[in-house]
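These are the residues of each chain, in order.
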Amino acid sequence: MIHSLFLVNASGDIFLEKHWKSVVSRSVCDYFFEAQERATEPENVPPVIPTPHHYLISVLRHRIYFVAVIQSEVPPLFVIEFLHRVVDTFQDYFGVCTEAAIKDNVVVVYELLEEMLDNGFPLATESNILKELIKPPTILRTMVNTITGSTNVGEQLPTGQLSVVPWRRTGVKYTNNEAYFDVVEEIDAIIDKSGSTITAEIQGVIDACVKLTGMPDLTLSFMNPRLLDDVSFHPCVRFKRWEAERILSFIPPDGNFRLLSYHVSSQNLVAIPVYVKHNITFREGSSQGRFDLTLGPKQTMGKAVESVLVSSQLPRGVLNTNLNPSQGTYTFDPVTKLLTWDVGKINPQKLPSLKGSMSLQAGASKPDENPTINIQFKIQQMAISGLKVNRLDMYGEKYKPFKGIKYMTKAGKFQVRT
Amino acid sequence: FSGNSCDATSAPQHYTSLITTLKTNSGIFSVLRNEDLKEMLESSKESLKLEAMKRIVGLIAKGKNASELFPAVVKNVASKNIELKKLVYVYLVRYAEEQQDLALLSISTFQRALKDPNQLIRASALRVLSSIRVPIIVPIMMLAIKEAATDLSPYVRKTSAHAIQKLYSLDPEQKEQLIEVIEKLLKDKSTLVAGSVVMAFEEVCPDRIDLIHKNYRKLCNLLVDVEEWGQVVIISMLTRYARTQFTSPWKENNEKAFYDSEEEKKDQVEAKPYVMDPDHRLLLRNTKPLLQSRNTAVVMSVAQLYWHLAPKHEVSVVTKSLVRLLRSHREVQYIVLQNIATMSIQRKGMFEPYMKSFYVRSTDATHIKTLKLEILTNLANEANISTILREFQTYVKSQDKAFAAATIQAIGRCATNISEVTDTCLNGLVLLLSNRDETVVAESVVVIKKLLQMQPTQHCEIIKHMAKLFDNITVSMARASILWLIGEYCERVPKIAPDVLRKMAKSFTAEEDIVKLQTVNLAAKLYLTNSKQTKLLTQYILNLGKYDQNYDIRDRTRFIRQLIVPNEKSGALSKYARRILLAPKPAPVLESAFKDRDRFQLGTLSHSLNIKATGYLELSDWPAVAPDQSVRNVEVIEPVKEWAPSVGKAKPPKQDDKFYSDSGEDDHEEEEGEEGSESSSSEDSSSSSSDSSSSEGLSFCVCIWVNIPTFGPVKSHELLHHMTGKGLSARYHFPRQPCLYQPNMVAVQVTLTNGSDHSLEEIHIGDRSPASLNLHCFNTIERLEPEASVTVSMGIDFSDSTQAANFQLCTKDDQFSVSIQPAVGELLMPSSMTEQDFCKEQGKLLGMNETSATITLAAENSSSQSLSKQVLSVANVGVVSSSENNIHRFAGRTVSSGALVLVTAESRESSTALLTINTDKSIMASMLLRDLKQALAQA
């Protein structure tokens, strides 16, 4: 399946290569560089590129291209999904997935890649198993290793891979047993010029951080499970139980994992927690444009809208801006024409606004489209869909765990057309 | 710790300094590097070796050549330090191909490790051994693979499945042998192995579909529990399999026939309505839950399975999940959108409710935008076109001009597909002609040209408008399009056309090739329709074209001149010039770029690229007639099979052919046995061999058993009704075989059937009463699927009494009390003896030990054959050959205590018979007599 992997940085250098079958010369990446040159933006490089003898499938994460070399027919999503899993693993191990982090930990990276694929077919991709095989580097461990000469390769061979619950490592022990669940919902919406919603949907996830001793068996039930339109589960969730009783029953992996992600479709009515009043105009003939933006909260159920960030790609003709924010700070990059305004918290009594003028290129005609405005925000202690966890129970172990559930709503791809 | 510090001081001083040099100026040491590394590798200190190996791996990762160090590295292959060993493996696999001779030095280490008691070490040894691409060791690899394929640990078997592919790519000539291994591994019931072996199957022998038949149902049932990557591979293999084995569920005419005349209806009935093969249904049912997988590749592969295999009305279950995938990473979106684009051409209805999910955001990458546009266009119909067009209006204004151009094309397609909006679209496009952006204008011109070609009559106004715009347009494709339009409809714009030609004559030399060609075309057409005004202009242009740099243009000019300007050489063709140049031309069809992609299986690389990728396997068409269904049948083990092998071969009965549901049980055993794998297996074989040798009586019985005429179906009794058992029902019967577990037990076979709609787990035997009851339980059945049944055998020691054995049959959630009450005849086993022995034994058992009665035989039982048949059906005894015709003798022993039971039946005249039973178990005698009396008296 996957023949080789090349890691390419933003400036087009191959800084790591790994082969699982015979060696493929790195010149195969020339086809990739060609495609990269043709694409105007880094995101526009096509994920699948055919070359005379190979196929290149790439993903772009953290400004690094992960380019997999394929020799014959394979479902492209199989490769893409795997590459993303590799990135997730690196992030899990090193905290960040940057070129520097990978270069610093090249040996661990190599050991990981070696375990994750055998002859190009995925072998161990579960983070719990990998962590038993290869311990993630920490400052303390690196120090100890250099002094004592011991290694970060696990002494015991992992048994989890062979058990009935391959996602959980065995022999877990904690003094404080705790289980935290974060219900995070993101609103994807397109709002049109007049302020009416064109499309809006909610994507939610439940991320868990479970640190429990032994082999706990958890059940999680919701007050209103009918809300969940379409769900996908971590492999640990017992599907039959969900089908029959709408209860999540599972033996959790150790540590952080995504328990479930769900979708509340556009057919349901979605509450939009912010509104935008805007007036952006360019006058024909004059080299000035007006920019006027006001934000306000609505349908927030009394919760504060925080960490608001507005960004907008202004037309190419705009040379500079002279704006005045009522709160927060704004920046405008004259090269990329990207305007960002870090608003902070919205105070319903005094709505934040950004007003001023834009200077346009002299003589250029007026841009025919107004810029789209992207908004990010966070609302704590609320799931916008109204989803509520009813209770969490633990079976199989004797101790009493500490349980916590947190709700949050965020903006996903939230766009306002002007 | 102290030991280490001792080492550090005793180590030669310069190594320590060496490390510091290496660490401080890591960039400069390139010249000395290899020498230093070699020295470090040869040192006696583990940490130095490790440091060196880490640096070497760093070099490999950067793509630098480190092959020089091979001899120094390979020495460390047997190191005790796990990390060091692993890094050496990495190195070895990378360079073994280049240094074949030296690589051979390491082989013996792996061969040794293949025999290690730890399964993970065996597996990793096989992994590395098979990754070394050295042709000389092919036989060693073959041997190792074969051995590992029968390993007790499923993890090692999985590794051997991976090794099969490696060996095949190294030496394709081993194919036949490898197929044998694959065949064996396909039978494996471990979920760990399933994905890997199917992968090997796909790589080595994807055409050997016959290997799948027997494993089909097992694979379907295991699928949910297989790891996610294996699921993808198995699903795509099963898709191909299903297309060759089942008939098409897509009968288009079915509904139509319903409304048709009476006679046709009859025909339809005779043509046999479509009934889906239960195996086909099984596949669809078992893959559906996987739509909920977090792995996008799994979801996509289920979606394509439904698309290619499910009845049309069921396909839409995948829609929701595909739309959910659109939230994932950009690359995932790209592939999913491509597949949705292909699907939406054939099945608009599937995605129409989700139309808004395909609305474009300004932050999407260009190729994502284009794909969304494609899908929106495919989804357009009379009802939603106005919404879509309104959305398109926003897109046309986009700053991403390539995307705006694509939108204009999409509008063109909507206009041709939906006649109601053609005019609206055309007007909208004409407005765009005054757009400031050139690409937008150019694209509009091209699209308008295509639209006008479909209905030119009403639109001379637009043509005039475009002619006016002509001067401002610089994009060559657009200019060429306008010229073509004017030429084609020159009779509708008689005043404008010659004027345009005049302008073109002026600028001809400065134009692009494509524009020049169209100018020549326009000139020719005008010459034919309006030669008075344009004759000179045409000749001028033709002269310019004659000396053009481009040979295409020169050729075209020469051709046109011969065609339209009559001279002595031109011959007959020029007569037809008008018909050639001004023939009515069919309007172009604007269709989706994804139109022809459905020739590829969805979700494949070939589909994504729209070219056939290497190794792409065609999806075959449905067969007209389904191939034999019974090839997939896997028989439930026959009672005889259970013990026959223990006599013949010295091997425990292999459960390979057993029904799939006991897979869990099987794995379980193996996992338990993993540590002492060798010892446990030898134990097994020894115990079974001792079984066969020690129990001569047993094999003795076999002979008798064979002698006895087999009688009708064995009577089976109800153990648990499915109403009381919450879906679980059980029946039992006495197979009348010696019990395998203990000689004083009666063998009982229990058939468990799951009549509920969910699978039952952990079926086992719980408490029993009386507590002293000696019972050999069957192994716990981990899982019993709905509709499935399984037969298990158990042994019960009834102690020669007919007292019922009570015990509890438990599932994971419930317990049911059941009891087995044996008939007295079942407590016996046949004994063989001669007539003399019989009489001798009978002589010893007289008086109190003799019970007899005269009975009246039913008419059917008066013949001697049927009489003995009746006796044998009641009691498990053996026939003793008799010299007298009217006397029948039967001999048996009680199972627990082995007491003799002798039965004599002497038939007399007027259909009566004297039954005599001699045994020291007098209670049994009277009970047996009663049973026999009843059986013989009734018809």
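Residues numbered from 1 in each chain as written. Chains lettered and ligands numbered in written order. Predicted model: local features only at pLDDT ≥ 70, side-chain atom pairs only at ≥ 80, totals over all residues. Heavy atoms only, no water.

- Going by what an unreviewed UniProt entry lists, chain B is known as AP-3 complex subunit beta and is assigned to Myripristis murdjan.
- Turning to chain B, the UniProt record has this under Sequence similarities (unreviewed entry): "Belongs to the adaptor complexes large subunit family." (UniProt positions renumbered as here; feature names shortened; annotations may be inferred.)

- By the naming in an unreviewed UniProt entry, chain A goes by AP-3 complex subunit mu-2 and is assigned to Myripristis murdjan.
- Turning to chain A, the UniProt record has this under Sequence similarities (unreviewed entry): "Belongs to the adaptor complexes medium subunit family."

What to know about the overall build of chain A
So, step 1. A count of helical and extended segments in chain A gives seven helices and 23 strands.
So, step 2. Dimensions along the principal axes, computed over C-alpha positions, put chain A at roughly 75 × 55 × 45 Å.
So, step 3. Considering chain A as a whole, with its 418 residues, one finds that 56% of them fall into the buried category.
So, step 4. For chain A, contacts bridging at least 24 residues in sequence account for 68% of all contacts bridging at least 6.
So, step 5. Surface exposure of chain A reaches about 17700 Å², of which carbon and sulfur atoms provide 51%.
So, step 6. Treating the 43 positive side-chain charges of chain A as one cloud and the 43 negative ones as another, the clouds have centres 8 Å apart. (Helix = DSSP H or I, 4+ residues; strand = E, 2+ residues; numbered from the N terminus. Buried < 20%, exposed > 50% of the residue type's maximum accessible area, 1.4 Å probe, protein only. Contact = heavy atoms within 4.5 Å. Areas by Shrake-Rupley, 256 points an atom, 1.4 Å probe, with all protein chains shown as cover. Lys, Arg positive; Asp, Glu negative; His and termini not counted. Charge placed at Lys NZ, Arg CZ, Asp CG, Glu CD.)

Overview of the side chain of Thr89 of chain A
Residues and elements named next belong to chain A.
So, step 1. Following the sequence through the fold, Thr89 ends up in helix 2 (residues 76–94).
So, step 2. Since its relative accessible area comes to 6%, Thr89 is described here as buried.
So, step 3. Among residues more than four places away in sequence, those in contact with Thr89 are Leu112, Met116 and Leu130.

Remarks on the sheet that holds strand 18 (residues 329–333) of chain A
All names here are of chain A.
So, step 1. Pairing is mixed across the open sheet formed by nine strands, whose spatial order is 11-13-9-8-23-21-16-19-18. With partners counted over all chains shown, the strands left at the sheet margins are strand 11 (230–233) and strand 18, one partner each. Mean inter-strand twist for the sheet, computed between neighbouring axes without regard to direction, equals 15°.
So, step 2. Pairing geometry for strand 16 (residues 305–313) and strand 19 (residues 338–344), over six bridges, is antiparallel. Residue pairing for strand 19: Ser311 is matched across the bridge by Thr340. (Pairing = 2+ DSSP bridges. Axes fitted to C-alpha atoms, helices over the stretch in contact; angles between N-to-C directions.)

Considerations on empty space enclosed by the protein
So, step 1. Counting across every chain of the model gives seven cavities of 30 Å³ or more.
So, step 2. In this structure, the second largest cavity occupies an estimated 160 Å³ of space.
So, step 3. Lining the second largest cavity are 15 residues, with Glu201 of chain A together with Leu326, Ser357, Arg361 and Lys372 of chain B positioned closest to its centre.
So, step 4. With three residues, the single largest contributor to the lining of the second largest cavity is strand 9 (residues 197–211) of chain A.
So, step 5. Residue classes in the lining of the second largest cavity are distributed as three nonpolar, five polar and seven charged. (1 Å grid on protein atoms, 1.4 Å probe; cavity = no way out; pocket = protein on both sides within 12 Å on 5 of 7 lines; lining within 4 Å. Points joined across faces, edges and corners; volume = space filled by probe spheres on them. Nonpolar A, V, L, I, M, F, W, Y, C, P; charged D, E, K, R; others polar.)

Describing the sheet that holds strand 10 (residues 217–222) of chain A
All names here are of chain A.
So, step 1. Overall, antiparallel pairing links the three strands, which are arranged 12-10-22 in an open sheet. The strands lining the two open edges of the sheet, one partner per strand, are strand 12 (247–250) and strand 22 (389–395). On average, each strand axis in the sheet is tilted by 15° relative to the strand beside it, whichever way the strands run.
So, step 2. Here strand 10 pairs with strand 12 via four bridges, running antiparallel. Note that in strand 12 the partner of Leu218 across the bridge is Phe250.

Description of the interface of chain B and chain A
So, step 1. Counting residues at the interface gives 97 residues for chain B, matched by 97 residues for chain A.
So, step 2. When the two sides are added together, the surface that chain B and chain A hide from each other amounts to roughly 8600 Å², 55% of it contributed by carbon and sulfur.
So, step 3. Applying the counting rule to chain B against chain A returns eleven salt bridges.
So, step 4. Between Lys166 of chain B and Asp118 of chain A there is a salt bridge whose closest N-O contact spans 2.9 Å.
So, step 5. Connecting chain B to chain A are 37 residue pairs in polar contact (both at pLDDT 80 or more).
So, step 6. Looking at which element gives the most residues to the side of chain B that touches chain A, the answer is helix 4 (residues 46–62) of chain B, with eight residues.
So, step 7. Here the side of chain B that touches chain A is built from residues that sort into 34 nonpolar, 35 polar and 28 charged. (Buried area = accessible area lost by both parts, 1.4 Å probe. Salt bridge = Lys/Arg side-chain N within 4 Å of Asp/Glu carboxyl O. Polar contact = N/O pair within 3.5 Å; in protein donor to acceptor, adjacent residues only side chain to side chain.)

Points about the side chain of Glu185 of chain A
Residue and element names in this part refer to chain A.
So, step 1. Looking at the secondary structure, you find Glu185 in strand 8 (residues 178–191).
So, step 2. At 10 Å, Lys388 is the nearest oppositely charged side chain to Glu185, a buried residue that forms no salt bridge.
So, step 3. Among the polar contacts listed, one links the side chain of Glu185 to the backbone nitrogen of Ile384, at a separation of 2.9 Å.
So, step 4. Leave out the neighbours within four places in its chain, and Glu185 touches Ile202, Gln203, Gly204, Tyr262, Ala383, Ile384, Ser385, Leu387, Met408, Thr409 and Lys410.

Considering the domain arrangement of chain A
So, step 1. For chain A, the assigned domains are domain 1 (2–148), domain 2 (178–270 + 382–416) and domain 3 (274–380).
So, step 2. Distance between the C-alpha centres of domain 1 of chain A and domain 2 of chain A: 30 Å. (Domains from an automatic or database assignment.)

Regarding helix 24 (residues 401–417) of chain B
So, step 1. Along its 17 residues, helix 24 of chain B runs 24 Å from first to last C-alpha, staying within 8% of the 24 Å computed at 1.5 Å per residue.
So, step 2. In terms of residue burial, helix 24 of chain B counts as a mostly covered element, since 14 of its 17 residues are buried. (Expected span 1.5 Å × (residues − 1).)

Overview of the packing of aromatic side chains
So, step 1. Applying the stated criterion across every chain, the model contains 23 aromatic pairs over all chains.
So, step 2. Aromatic pair Phe78 of chain A and Trp229 of chain B: ring centres 5.3 Å apart, planes at 70°, arrangement edge-to-face. Residue Phe78 of chain A is located in helix 2, and its partner Trp229 of chain B is located in helix 14 (residues 228–245); the two belong to separate chains.
So, step 3. A relative accessible area of 0% means that Phe78 of chain A is categorised as buried.
So, step 4. Accessibility expressed as a relative area gives 1% for Trp229 of chain B, which makes it buried.
So, step 5. Between Trp250 of chain B and Trp622 of chain B, the aromatic rings sit 5.5 Å apart at their centres with planes inclined by 90°, giving edge-to-face as the arrangement. In this pair, Trp250 of chain B is assigned in the loop between helix 14 and helix 15 (253–259) and Trp622 of chain B in the loop between helix 34 (605–609) and helix 35 (639–648), connecting sequence segments 372 residues apart. Trp622 of chain B carries the same exposure label as Trp250 of chain B, and that label is buried.
So, step 6. One aromatic cluster in this structure is built from Phe66, Phe90, Tyr93 and Phe94 of chain A.
So, step 7. Its guanidinium or amino end placed over the ring of Trp250 of chain B, Lys312 of chain B lies 4.1 Å from that ring's centre, counting from NZ or CZ. (Phe/Tyr/Trp six-rings, centres within 6.5 Å; stacked < 30°, edge-to-face > 60°. Lys NZ or Arg CZ within 6 Å of the ring centre and 35° of its normal.)

Quick look at the UniProt feature "domain: Beta-adaptin appendage C-terminal subdomain" (unreviewed entry) in chain B
So, step 1. Sequence positions flagged by UniProt for "domain: Beta-adaptin appendage C-terminal subdomain" (unreviewed entry) are, in local numbering, residues 827–937 of chain B.
So, step 2. Along residues 827–937 of chain B one finds 33% helix and 33% strand; the C-alpha atoms at either end are 22 Å apart.

Concerning the environment of Gln99 of chain B
All names here are of chain B.
So, step 1. On the secondary structure map, Gln99 appears in the loop between helix 6 (82–95) and helix 7 (100–113).
So, step 2. In this structure, the C-alpha to C-alpha distance between Gln99 and Pro172, residues 73 residues apart in sequence, is 22 Å.
So, step 3. Those residues in contact with Gln99 that sit more than four places away from it in its chain are Ser67 and Phe70.

Here's the deal with the pattern of salt bridges
So, step 1. Under the defined criterion, the tally for this structure stands at 60 salt bridges over all chains.
So, step 2. For the salt bridge of Glu81 of chain A with Arg85 of chain A, the shortest nitrogen-to-oxygen distance reads 3.3 Å. In this pair, Glu81 of chain A and Arg85 of chain A are both assigned in helix 2, four residues apart and thus about one turn of the helix distant.
So, step 3. Classification of Arg85 of chain A by relative accessible area gives buried; the value is 10%.
So, step 4. For Arg479 of chain B, the salt bridge identified is with Glu511 of chain B, shortest N-O distance 2.9 Å. Residue Arg479 of chain B is found in helix 28 (residues 476–488), and its partner Glu511 of chain B is found in the loop between helix 29 (496–507) and helix 30 (513–529); the two are separated by 32 residues along the sequence.
So, step 5. Using a relative accessible area of 14% as the deciding quantity, one classes Glu511 of chain B as buried.

Describing the domain arrangement of chain B
Residue and element names in this part refer to chain B.
So, step 1. The domains assigned to chain B are domain 1 (32–245), domain 2 (493–584), domain 3 (716–822) and domain 4 (826–938).
So, step 2. Measuring from the centre of the C-alpha atoms in domain 3 to the corresponding centre in domain 4 gives 31 Å.
So, step 3. Facing 13 residues of domain 3, the contacting portion of domain 4 comprises 14 residues.
So, step 4. Here domain 3 and domain 4 share an interface that buries about 1100 Å² over both sides, 55% of which is from carbon and sulfur atoms.
So, step 5. Remark: the boundary between domain 3 and domain 4 carries two salt bridges.
So, step 6. As a salt-bridge pair, Arg736 and Glu826 come within 3.2 Å of each other at their nearest N and O atoms.
So, step 7. Inspection of the domain 3/domain 4 interface yields eight residue pairs in polar contact (both at pLDDT 80 or more).

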